[in-house]
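Residue-level structural notes
Residue-level listing of the chains:
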Amino acid sequence: MQTIFSLLPIRQYCRLLAILGVLLGATNTCQGQKLDEQCQDCPCLIRLAKGKAERQLYSEAIRLYNAARTCDPTQAQQIDARVAAIFQTISNLRDEAERQRRIADKAANEAEQAGLKLLDAVARAEKETQIAKSEKTRADSLAEVIAKQLDAVQQQRDSMQLLIQTTLHNYCNSVEKLIYELNYNVAEVLLLEALKLDAARSSSSFSPKDTLSQRVRALALELIYCHLQIDSLDQTAPLSSFFKDFHGAETPTQLENTIAHLDSALYAHLEARYFPKTVRIDASFSIGQTEVTFWQYALFAASDKRELVQPPWGLQGDHPAVGVSWWDAVDYCTWLNGKRTKSGEGPAVYKHKKSEIESNSSFGSFGLLIDVLYLRRSVRVNKQAAGYRLPFKREWEKAAGNRNSTSQRSPVDMGFSQHAQINQTKAGFKTHAVGETRPNALQLFDMGGNAREWIWRTEKKSKVRMNMVPIWYRKQVVKGAFWYYEPVEWNASAGILMKATAQSEKNGFRVVLSHGRQ
């Protein structure tokens, strides 16, 4: 029915309805109630048709309107208008349905296109997923290879770092041993190589500066310090070039102050190692806590271009400096005064006259010959001057604990520690490191052992300010015991006369710091 209606205009619809009405009810006048038992007249049919139209039952509404027209032809115009309205509504619905269909078709097309795109995207995603899986597999494989390579590289770096550290440790151990044996020249060559290696190691990201670097630099500072003490400023340049702090420091004082600034603890340690520490005995003098060591004496020897006399057991820095003559000891004290006291302030402790030839008129030419052969050198000591010198006899005995020089008490009785000297069985017929045995009551070490000690023999109790060592007197005194003897074999008042030029491995010395006129 709707298909037919959709093909005809509204007027033709009305005519068709009229024809259908004639065909259906021409012989029955006002039989519309047959269509619906409740409807008895035309108004009832119209109401019923109107209800059907409102419920969008258009076919039934048109049928009822046709029945009403047949029932009451006078209502044809009104009924046609209502039927026309129905057909207009149907037409509108059809148009709306068509519009909705087109929208739906468009939406369907869009959905189809979207679906195609989605399918295409899904296909691409699946393809990309496969590619990603493949790439991941390759990446995992490559990562595994790279990880193995990195492990190998890290192992090589660790091995190299360990090798460098081991090499640096060996360098440091060798340098420390060479310094202990006073072989500074070879020590400096090795230390320069260690500094270069440490500089290369410290510049790398995987090897920061550490205690090993500090150890290398401490050894370098020690050698720089030693160069400064022997006045070899030019030789500090190769070592100091590794320290930016030394840039601009040109004088020995500036360089030494830089060392103290870089490492105050190390500087204090070097001061204690290379210069004697004294203990105050009374108002007039202090005396060295230990015998002068090879470390301390070697600085003077290097400064004065003297060869060290090597004992049979070799040179050891912390052992007492033996093989030193009385004259060597006096010269060391003179050098020490120049290093540790203010030169030019007050009178000199020692006044030297070397290679002095004085004509003896009383003997004529024979006297001049005696001067040339025997009177080669003289030295005077100023007892009132402040500074370093050899101890007088009474000073040494007082420091040893014997206030009465005529006493024959044993070293143990007069204040020598029972272990103040290591006997030949323990020491192995040689000296031992200073300061490692028990000190006496005044905290002085080895007053009764380790090495015999040179003293100043000719002290006169007079008001003469300058006491001269007689040029004809060629012997001086050594006091104390040495490494071969037990301490009980000696006492503080005992002493031995020896040639002042003797350089025995049994003899050393300790210094006195005179405080001058009180």
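Structural data are supplied above this passage.
In short, a report on the structure.

Scoring rules and cut-offs
Residues numbered from 1 in each chain as written. Predicted model: local features only at pLDDT ≥ 70, side-chain atom pairs only at ≥ 80, totals over all residues. Heavy atoms only, no water. Helix = DSSP H or I, 4+ residues; strand = E, 2+ residues; numbered from the N terminus. Buried < 20%, exposed > 50% of the residue type's maximum accessible area, 1.4 Å probe, protein only. Contact = heavy atoms within 4.5 Å. Areas by Shrake-Rupley, 256 points an atom, 1.4 Å probe, with all protein chains shown as cover. Salt bridge = Lys/Arg side-chain N within 4 Å of Asp/Glu carboxyl O. Axes fitted to C-alpha atoms, helices over the stretch in contact; angles between N-to-C directions. Parallel < 35°, antiparallel > 145°, perpendicular 65-115°, else oblique. Nonpolar A, V, L, I, M, F, W, Y, C, P; charged D, E, K, R; others polar. Core = buried A, V, L, I, M, F, W, Y, C linked by side-chain atoms within 4.5 Å. Pairing = 2+ DSSP bridges. Left-handed = near helix turned anticlockwise from the far one by under 90°. 1 Å grid on protein atoms, 1.4 Å probe; cavity = no way out; pocket = protein on both sides within 12 Å on 5 of 7 lines; lining within 4 Å. Points joined across faces, edges and corners; volume = space filled by probe spheres on them. Phe/Tyr/Trp six-rings, centres within 6.5 Å; stacked < 30°, edge-to-face > 60°. Polar contact = N/O pair within 3.5 Å; in protein donor to acceptor, adjacent residues only side chain to side chain.

**Some words on the overall build of the protein chain**
- Along the protein chain, the regular secondary structure elements total 15 helices and eleven strands.
- Counting all 518 residues of the protein chain, 41% fall into the buried class.
- Sequence separation of at least 24 residues holds for 69% of the intrachain contacts in the protein chain that already meet a minimum separation of 6.
- Summed over its atoms, the accessible surface of the protein chain is roughly 28900 Å², and 54% of this surface lies on carbon and sulfur atoms.

**Structural notes on the pattern of salt bridges**
- Taken as a whole and judged by the stated rule, the model has 28 salt bridges.
- Measuring nitrogen to oxygen at the nearest pair gives 3.7 Å for the salt bridge that ties Asp231 to Lys339. Within this pair, whereas Asp231 is found in the loop between helix H7 (211-229) and helix H8 (237-240), its partner Lys339 is found in helix H12 (residues 326-340), the two being separated by 108 residues in sequence.
- The exposure class of Asp231 is exposed, given its relative accessible area of 54%.
- Under the relative-accessibility criterion, Lys339 is labelled partly exposed at 26%.
- One network of salt bridges, with partners in common, ties together Glu98, Arg101, Arg102 and Asp105.

**Observations regarding the packing of helix H10 (residues 264-274) against helix H11 (residues 294-303)**
- Packing of H10 against H11 brings their axes to within 7 Å, and their N-to-C directions diverge by 80°. By the angle class used here, H10 and H11 are roughly perpendicular. Within the contact between the two elements, H10 uses Ala272, Arg273 and Tyr274 and H11 uses Trp295, Gln296 and Leu299.
- Considering only residue class, the contact of H10 with H11 consists of four nonpolar, one polar and one charged.

**Observations concerning the nonpolar core**
- Tyr274, Leu390 and Phe509 are the most contacted members of the largest nonpolar core, which has 75 residues in total.
- Going through the elements one at a time, helix H5 (76-180), helix H6 (184-203), H7, helix H9 (252-262), H10, H11, H12 and strand S4 (377-382) are the ones with two or more residues in this core.
- When residues of this core are assigned to their parent elements, the largest contribution, ten residues, is made by H7.
- In this structure, Phe509 is in contact with Glu291, Val292, Tyr297, Val324, Ala329, Tyr332, Leu390, Arg452, Glu453 and Trp454, ignoring residues within four places of it in sequence.
- Judged by nonpolar contacts, the second largest core, of 18 residues, contains Leu45, Ile46, Ala61 and Ile62.

**Brief notes about the sheet that holds strand S11 (residues 512-515)**
- Reading across the sheet, the four strands line up as S1-S2-S11-S5 and stay open at both edges, with antiparallel pairing between neighbours. Of all the strands in the sheet, the pair left with one neighbour each is strand S1 (278-280) and strand S5 (386-389). For this sheet, the mean angle separating the axes of adjacent strands, direction not counted, is 20°.
- Sheet topology places S5 next to S11; four bridges connect them, and they run antiparallel. Within S11, the position partnered with Ala386 by the bridge is His515.

**Details of the packing of helix H4 (residues 58-71) against H5**
- Running from N to C, H4 and H5 point in directions that differ by 165°, and their axes come no closer than 9 Å. In terms of axis orientation, H4 runs roughly antiparallel to H5. The two elements H4 and H5 meet at a crossing, and its hand is left-handed. On H5, the residues that touch Tyr58, Ala61, Ile62, Tyr65, Ala68 and Arg69 of H4 are Ala76, Ile79, Asp80, Arg82, Val83, Ile86, Phe87, Thr89, Ile90 and Leu93.

**Quick look at the layout of surface pockets**
- Roughly 590 Å³ of volume is contained in the largest pocket.
- If you go around the largest pocket, you meet 21 residues; those closest to its centre are Leu182, Tyr184, Asn185, Ala298 and Ala302.
- Taken together, the elements giving at least two residues each to the lining of the largest pocket come down to H6, H7 and H11.
- It is H11 that contributes the most residues to the lining of the largest pocket, five residues altogether.

**Points about the packing of aromatic side chains**
- In this structure the tally under the stated criterion is 16 aromatic pairs.
- Seen from their ring centres, Tyr274 and Trp295 are 6.4 Å apart, and the 55° between their planes marks the pair as tilted. You can see Tyr274 sitting in helix H10 and its partner Trp295 sitting in helix H11, a full 21 residues away along the chain.
- Overall, the relative accessible area of 0% leaves Tyr274 in the buried class.

**Considerations on the side chain of Gln296**
- Within the fold, Gln296 resides in helix H11.
- Given the relative accessible area of 4%, Gln296 is considered buried.
- A polar side-chain atom of Gln296 sits 3.4 Å from the main-chain carbonyl oxygen of Arg273.
- Among the polar contacts listed, one links the side chain of Gln296 to the backbone oxygen of Phe275, at a separation of 3.5 Å.
- In contact with Gln296, other than residues within four places in its own chain, are Ala272, Arg273, Tyr274, Phe275, Pro276, Glu291, Tyr332 and Trp335.

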